[in-house]
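Below are the chains, spelled out letter by letter.
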Amino acid sequence: MDRNQELRILREQLGDGVITRREFINRALILTGSLAAVSALLPGARPCLAAAAAGRQPKPGGTLTVGKAGDFTTMDPHFRGANNQSAHLTSFDPVLRYGKDMKPVAELAASWEVKEDKFLVKLQQGIKFHNGRELVADDVLFNFERAGDANVGGRLVDFTKPITAVKVPDKYTVEFTFQGVPEVVVELLDSMFIVNKETAGQVKNRPVGTGPFKFAEWAPGDRARWTRYTDYYKKGQPYVETLVQKAYTDSETQLVNLQAAQVDLIEFVLAKDVERILGDKNLKLVKANVGAFWMFMVNVTHKPFDNKKVRQALNYMIDRKTISEKVFFGQSKPLVTPFYLQTHPGYDAKFENYYTFNLEKAKQLLAEAGFPNGFEATITGFAAFQECKNFSQVLMADAAKIGVRLKLDDLPSSQAYPKYLAGDFDILNGSQGMVHRDPVAFFAMNPSTRLNNNITKYSSPEYTRLVTDGAATRDLAKRKEIYKKLNEMILDECFLLPIAEYPKFSAMRSHVQDYSDHLDGFPIYYGMWLDK
Amino acid sequence: MGRYVLRRVLQVVPALFVTSIIVFLMLHLTPGDPAYAILGLDATPQAIAALRTRMGFDQPLAVQYALWLKQLLHGDLGESFVSGSPVWTLIWMKFPATVELSTSALLIAILIALPGGLLSALRHKSGVDYTVTGFNAVALSVPTFWLGILLVMGVSLRLGWLPPSDRVPFLENPLGSLRHLLLPAVTLGIPISAALSRFLRTAVLEVINREYVRTARAKGLHESAILYRHALRNALIPVVTALGILMGQLLGGSVVVETVFDWPGLGRLMLISVLNKDFTVVQGTILFVVVIFVTINLLTDTLYAFLDPRVRYTNH
């Protein structure tokens, strides 16, 4: 039976009431792999997603009101963090940006070239900051120095480390000298949004950049308002006159406001609400792959996890299929390996089923490790993430069947962060990202995989050699070989246990057109317009 | 009368001092490091250390409290660690929305409670009494967040009659302002109306059996004159005191209602600041709300003393 036949049968079953709407969505998603396709198959279907507006002339004007989960903590783009990223895409621009195909796209740059260990960037001429001054190469140098200053406070400092020198040969040219692969410079230029030098001291709450929107006001705990920057270097853009970003503390209130047309777009939707959005004819849904996954981390120095067989046994105790269906409502694909994207240099199809849910095998490994009657351990978690609590409970229930008594210590962020950063845990639940970026970033930035201060405390000479070689090798075939070995090593050593993909869902009213998002899933506002 | 008011004002001072200690300890003795909660995982150790110094967390607790109290006595509530805005500015920005919501809720509560409480007392043990008492029992038991969500789902989403959230300033758009205000004010006002109605019912029942009411009736006064001139005037005295206490409930309940209805008032500011561990804002806002509550109670007591001279003499 081909895919279309299966879809037709599913649709008939839905019509006849044989299956529920949720079952239909979950099963059709597996067949099509696309929410757009699924929503088009639903009764009363309408064109979905941004592609609906392709080829149409954008209408300028109007106010785009966006609901975001939580308020900003700072608007300084050199200080990342999920709650703040949507401010960065309004007031600021990066020099280069990674496209969805992981190829660099010019933003403030006119061109760039790589010569051995030099990365030369030519800036576009005539781009102005919101305060009227022209952007020049010195501004990029200033931003590099600021991003690399640990006292500024953001982890962007790690991105600057592989860059050994920055020079400004002329007014519009910047020359980076780097170690290893040139992607390290692209990673930095993609993440480093350019701040205006003269006003950098107030950037925390009065941002000034070259971006599509000028900052107007921030009422903390309520909303931020931005107005169209008429001198934006992308002529004609942005299309909307005013952008309002409203902070919500509760996902239900946020969604109700979208349904009642009080906001046009919400940046973050929980998996449990996907079906509800697909069932509302006035709404559109976007699923973005942001290279993230849900996972457990294990501290390999804590007993009994200092024994590799115990960690492997833990991996066999995870029922990923049940977690995917019950905790993530079928919206997150179960994962064993972090390198789950086929475009990743470390991807290998043979690793996809490296571990399956097998309590017998887990019990056998525990017996071999000297724990035939199980053991006790604690899972440390972040109370703010209900999903983590839920998937931890699935593991706890299964582990108990073979005598492994796991306790969940769900902590507020003020208590969980210090434990997380110090590696003070047996098992920790949470999420990790950067799989869609160059592996150099994944192994330099992620606390569980980096070489220095790895919070799982895992280290080995072979691991260090492979990570170092991967960052220094430019030959793609050799890189693939290295990262496949690292993939297998992560699977074998089990200090990082991926569970399921972590996609980012956004939802919007049907009049929002030409939606597109940044590599990390945040909306790019300058291309969006309102068809109303 | 003047001495009575002065004595009540002086009694407020130790109450506020104790409150300031409780508010301070409540936040500072909670386990965990707020510097991590504020800056998140993206922060460098240097940034965490700098924030801890700026917040004064490297000082002993007593020193931290003394510094905060000194600042407080100079009328300075400090700055938000998150947005950098002065706490006073944030409070004044949000206060009008909370006043608007609380007074509207109180008005709705009085409009429901006054006829309900009176009818219930005058038609004691009748069908009307049981209906009003039943409504009050339900209204007091229903959690405000649930009632709020129910109203949003029904009135806003299903019927599309009123907007589910947000505030529009009255001077900008009077009709729009009322449309946005109605649902949160009703949600906040209904439990208050039930409490008020029960107070009124009890007070009226007590008064209408008193000798002076019987005497008035024996003198042949009209029933409405007995009710308004003799019964209600006296019954309202304990109700006025209850109103002062209920104002505290209004201010407290507004945290939940402002969150459900996305109302930009002090309650929502407090919740977001608690989530962000923005200590200075939480401390400042709670203290401000306490001062408002104490002031309302002081005014109520004064009004009570004015309405019932026995209060002044008893307290001498």
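Residues numbered from 1 in each chain as written. Chains lettered and ligands numbered in written order. Predicted model: local features only at pLDDT ≥ 70, side-chain atom pairs only at ≥ 80, totals over all residues. Heavy atoms only, no water.

Counting its regular elements, chain B contains 13 helices and zero strands. Principal axes of the C-alpha set define a box for chain B whose edges measure 85 × 60 × 35 Å. For chain B, with 316 residues in total, the buried portion stands at 51%. If you take every contact in chain B between residues at least 6 apart in sequence, the share linking residues at least 24 apart comes to 72%. A total of about 15,700 Å² of accessible surface is found on chain B, and carbon and sulfur atoms cover 69% of it. Between the averaged position of the 24 positive side-chain charges in chain B and that of its 17 negative side-chain charges there is a distance of 13 Å. (Helix = DSSP H or I, 4+ residues; strand = E, 2+ residues; numbered from the N terminus. Buried < 20%, exposed > 50% of the residue type's maximum accessible area, 1.4 Å probe, protein only. Contact = heavy atoms within 4.5 Å. Areas by Shrake-Rupley, 256 points an atom, 1.4 Å probe, with all protein chains shown as cover. Lys, Arg positive; Asp, Glu negative; His and termini not counted. Charge placed at Lys NZ, Arg CZ, Asp CG, Glu CD.)

The next point concerns the overall build of chain A. From N to C terminus, chain A includes 17 helices and 20 strands. Partitioning the contacts of chain A with sequence separation of at least 6, the portion at a separation of at least 24 is 69%. Put simply, chain A shows about 20,400 Å² of open surface, and 49% of that area lies on carbon and sulfur atoms.

Quick look at the confidence of the model for chain A now. On average, chain A scores 88 in pLDDT, and the residues at 70 or more come to 89%. A low-confidence stretch, residues 44–52 of chain A (pLDDT under 50), is modelled with 18 contacts involving residues beyond four sequence positions or located in other chains. (pLDDT = per-residue confidence, 0-100.)

Moving on, we get to the sheet that holds strand E1 (residues 63–69) of chain A. Residues and elements named next belong to chain A. In spatial order, the strands read E8-E9-E10-E1-E11-E18-E12; together these seven strands make up an open sheet with mixed pairing. Here the strands that pair on one side only, and so sit at the sheet edges, are strand E8 (213–219) and strand E12 (283–288). The mean inter-strand angle of the sheet, taken between neighbouring strand axes irrespective of direction, is 20°. Pairing of strand E11 (residues 265–269) with strand E18 (residues 504–509), which is carried by three bridges, proceeds in the antiparallel orientation. Across the sheet, Leu 265 pairs through a bridge with Met 508, a residue of E18. Its contacts with the sheet put helix H8 (residues 251–259) on E1, strand E10 (242–248), E11, E12 and E18, and the angle it makes with E11 is roughly 145°. (Pairing = 2+ DSSP bridges. Axes fitted to C-alpha atoms, helices over the stretch in contact; angles between N-to-C directions.)

Sheet topology places strand E6 (residues 163–170) of chain A next to strand E7 (residues 173–178) of chain A; five bridges connect them, and they run antiparallel. From the neighbouring strand, A:Ala165 faces E7(A), where its bridge partner is A:Thr177.

The next subject is the domain arrangement of chain A. All names here are of chain A. Taken domain by domain, chain A comprises domain 1 (3–41), domain 2 (47–92 + 211–282 + 510–532), domain 3 (94–197) and domain 4 (290–503). Between the C-alpha centres of domain 2 and domain 4 there is a distance of 33 Å. Each partner contributes to the interface: domain 2 provides 10 residues, whereas domain 4 provides nine residues. Summed over the shared surface of domain 2 and domain 4, the result is one salt bridge. Between Arg 437 and Asp 520 there is a salt bridge, and its shortest N-O distance comes to 3.4 Å. Inspection of the region where domain 2 meets domain 4 yields three residue pairs in polar contact (both at pLDDT 80 or more). In terms of residue class, the side of domain 2 that touches domain 4 is made up of five nonpolar, two polar and three charged. (Domains from an automatic or database assignment. Salt bridge = Lys/Arg side-chain N within 4 Å of Asp/Glu carboxyl O. Polar contact = N/O pair within 3.5 Å; in protein donor to acceptor, adjacent residues only side chain to side chain. Nonpolar A, V, L, I, M, F, W, Y, C, P; charged D, E, K, R; others polar.)

Counting residues at the interface gives 43 residues for chain B and 39 residues for chain A. For the pair chain B and chain A, the two sides together bury roughly 3,200 Å², of which 60% comes from carbon and sulfur. At the surface where chain B touches chain A, the tally comes to four salt bridges. A salt bridge links A:Lys246 to B:Asp166, with the nearest nitrogen and oxygen atoms 3.1 Å apart. Linking chain B with chain A are nine residue pairs in polar contact (both at pLDDT 80 or more), by the criterion used here. For the side of chain B that touches chain A, the secondary structure elements donating two or more residues are helix H2 (34–39), helix H3 (45–55), helix H5 (87–122), helix H7 (144–158), helix H10 (223–260) and helix H11 (266–275) of chain B. When its residues are assigned to classes, the side of chain B that touches chain A shows 25 nonpolar, 11 polar and seven charged. (Buried area = accessible area lost by both parts, 1.4 Å probe.)

This part is about the packing of aromatic side chains. Residues and elements named next belong to chain A. Scanning the entire structure with this criterion turns up 35 aromatic pairs over all chains. Arranged with centres 4.9 Å apart and planes meeting at 70°, the rings of Tyr 316 and Tyr 355 form a pair that is edge-to-face. Highlighted residues: Tyr 316 in helix H10 (residues 308–316) and Tyr 355 in the loop between helix H11 (320–327) and helix H12 (359–368), separated in sequence by 39 residues. One exposure class covers both Tyr 316 and Tyr 355, and it is buried. An aromatic cluster of three or more residues is present, and its members are Phe 339, Phe 442, Phe 443, Tyr 458, Tyr 463, Tyr 483 and Phe 495. A cation over a ring is seen here: Lys 68 above Phe 72, with NZ or CZ 4.0 Å from the ring centre. (Phe/Tyr/Trp six-rings, centres within 6.5 Å; stacked < 30°, edge-to-face > 60°. Lys NZ or Arg CZ within 6 Å of the ring centre and 35° of its normal.)

Residues and elements named next belong to chain A. Because side chains alternate across strand E5 (residues 118–123), one face comprises the buried residues Phe 119, Val 121 and Leu 123, and the other comprises Lys 118, Leu 120 and Lys 122, none of which is buried. Alignment of strand E4 (residues 109–115) against E5, held across six bridges, turns out to be antiparallel. Residue pairing across strands places Ala 109 opposite Leu 123, the latter belonging to E5. Connecting E4 to the antiparallel partner E5 that follows it, the hairpin turn spans two residues, and Glu 116 within it adopts a positive phi of roughly 50°. As paired elements, E5 and E7 share five bridges and run antiparallel to each other. Directly across from Lys 118, in E7, lies its bridge partner Thr 177.

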